[in-house]
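Given next are the chains, with one letter for each unit.
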Amino acid sequence: MLLALSALAAAPCALAAGGRADFKLEPASAETSKLADWIVDSGDNGRLPFVIVDKRGAKVFVFNADGVLRGASAALLGQSSGDDSVPGIGTRKLADIRPEERTTPAGRFVASLGHNLHGGEILWVDYDAAISLHPVVTSNPREQRLQRLASATPLDNRISYGCINVPPKFYEGVVSPSFKQSDGIVYILPETRPASTVFPGSP
């Protein structure tokens, strides 16, 4: 699913055609495609690179500012379904977060690169709720996070406390370079309500 970096480097300023996003033949859900086209057509991303997280499909799509796909990957998401973060959850210890509270919130977020407590680079999505997109965490072998990313189904991709985990090579080769020069927008599709209620004006 990860697009060849050499092909991307050959055309860094490619433009999406006709107000539509260019998925480079990468498979995407109808909801993801509709949202991406709306972003490009409306300019909702403000000429910034953007990411769409499809929670139902457990997949991340990274686009340049003009709506051309830079890469796509499977992702790990919050353990529980739901589209809202518990108030104040970003200030709590992980051990105090109950399983049903481990959700990846839906919404439109202004994202920027930063660092975690160990100095590793991450993409902050919602700083107050401590939600970020980062390379997969493998410190607990029993969670089998790499195996979950590699599986053919999204059904086993719900394991995190709410953060979005992607393969290290995808983060280093696609996510990080996309946000080196500027902030960007991360759109996380809802799974419990229509996308139009989360992104006003979208189809």
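Here the structure is a predicted model, which means the values were calculated and not measured. (Residues numbered from 1 in each chain as written. Predicted model: local features only at pLDDT ≥ 70, side-chain atom pairs only at ≥ 80, totals over all residues. Heavy atoms only, no water.)

**Points about unusual backbone geometry**
The criterion, for reference: In this description a helix means any DSSP run of H or I spanning at least four residues, a strand means any run of E spanning at least two, and both kinds are numbered starting from the N terminus. Buried means the residue's accessible area, taken with a 1.4 Å probe over protein chains only, is under 20% of the maximum for its type, while exposed means over 50%, and partly exposed covers the values in between.
Of note in this structure, L25 is not a glycine but carries a positive phi near 70°. When you line up the elements, L25 lands in the loop between α1 (5-10) and α2 (30-42). The phi dihedral of R47 falls on the positive side, at around 65°, and the residue is not glycine. With relative accessibility at 60%, the residue R47 sits in the exposed group.

**Some thoughts on the confidence of the model for the chain**
The predicted coordinates should not be examined in detail at positions where pLDDT is low. The line we're drawing: You can read pLDDT as the predictor saying how much it trusts each residue, on a scale of 0 to 100. Residues are treated as being in contact if the distance between any of their heavy atoms lies within 4.5 Å.
Predicted confidence across the chain gives a mean pLDDT of 92, with 92% of residues reaching 70 or more. Every residue in residues 1-12 scores below 50 in pLDDT, and together they form 19 contacts with partners more than four places removed in sequence or on other chains.

**Some thoughts on the layout of surface pockets**
Rolled over the atoms, a probe with the dimensions of a water molecule shows which regions are left empty. Condition: A cavity, in this analysis, means grid points on a 1 Å lattice covering only the protein atoms where a 1.4 Å probe fits yet has no way out; a pocket is instead an open set bounded by protein on both sides within 12 Å along at least five of seven lines, and a residue lines either one if it has an atom within 4 Å of a point. Grid points are joined across faces, edges and corners, and a volume is the space filled by probe spheres set on the points. Gly falls in the polar group here, along with every residue not listed as nonpolar (Ala, Val, Leu, Ile, Met, Phe, Trp, Tyr, Cys, Pro) or charged (Asp, Glu, Lys, Arg).
As a volume, the largest pocket reaches approximately 970 Å³. Lining the largest pocket are 34 residues, with L94, A130, S132, H134 and C163 positioned closest to its centre. Within the residue set of the lining of the largest pocket, elements represented by two or more residues are β6 (121-126) and β7 (131-135). Here the lining of the largest pocket takes four residues from β7, the largest share from any one element. Looking at the lining of the largest pocket residue by residue, the classes come out as 14 nonpolar, 14 polar and six charged.

**Considerations on the environment of N116**
To be explicit about the condition: In the analysis that follows, any N or O atom pair within 3.5 Å is treated as a polar contact, provided that within protein one partner can donate a hydrogen and the other can accept it, and provided that, for residues neighboring in sequence, both atoms belong to side chains.
With respect to the helices, strands and loops of the structure, N116 is situated in the loop between β5 (107-115) and β6. Overall, the relative accessible area of 32% leaves N116 in the partly exposed class. Considered as a pair, N116 and A130 are 14 residues apart in the sequence and their alpha carbons are 9.9 Å apart. At 2.9 Å, the side chain of N116 forms a polar contact with the backbone nitrogen of H118. A polar contact is formed between the side chain of N116 and the backbone nitrogen of G119, at a distance of 3.0 Å.

**What to know about the packing of aromatic side chains**
Heads up, the condition is: Pairing of aromatic side chains requires ring centres within 6.5 Å, counting the rings of Phe and Tyr and the six-membered ring of Trp. Pairs whose planes differ by under 30 degrees are stacked, by over 60 edge-to-face, and all others tilted.
Tallied over the entire structure, the rule returns six aromatic pairs. For the ring pair F23 and F61, a centre distance of 5.7 Å and an interplane angle of 80° mean the geometry is edge-to-face. Highlighted residues: F23 in the loop between α1 and α2 and F61 in strand β2 (residues 59-63), separated in sequence by 38 residues. Each member of the pair, F23 together with F61, is buried. Arranged with centres 5.2 Å apart and planes meeting at 85°, the rings of F23 and F63 form a pair that is edge-to-face. With F23 in the loop between α1 and α2 and F63 in strand β2, this residue pair connects regions lying 40 residues apart in the sequence. Residue class for F23 comes out buried when judged on its relative accessible area of 11%. You can call F63 buried: its relative accessible area is 0%.

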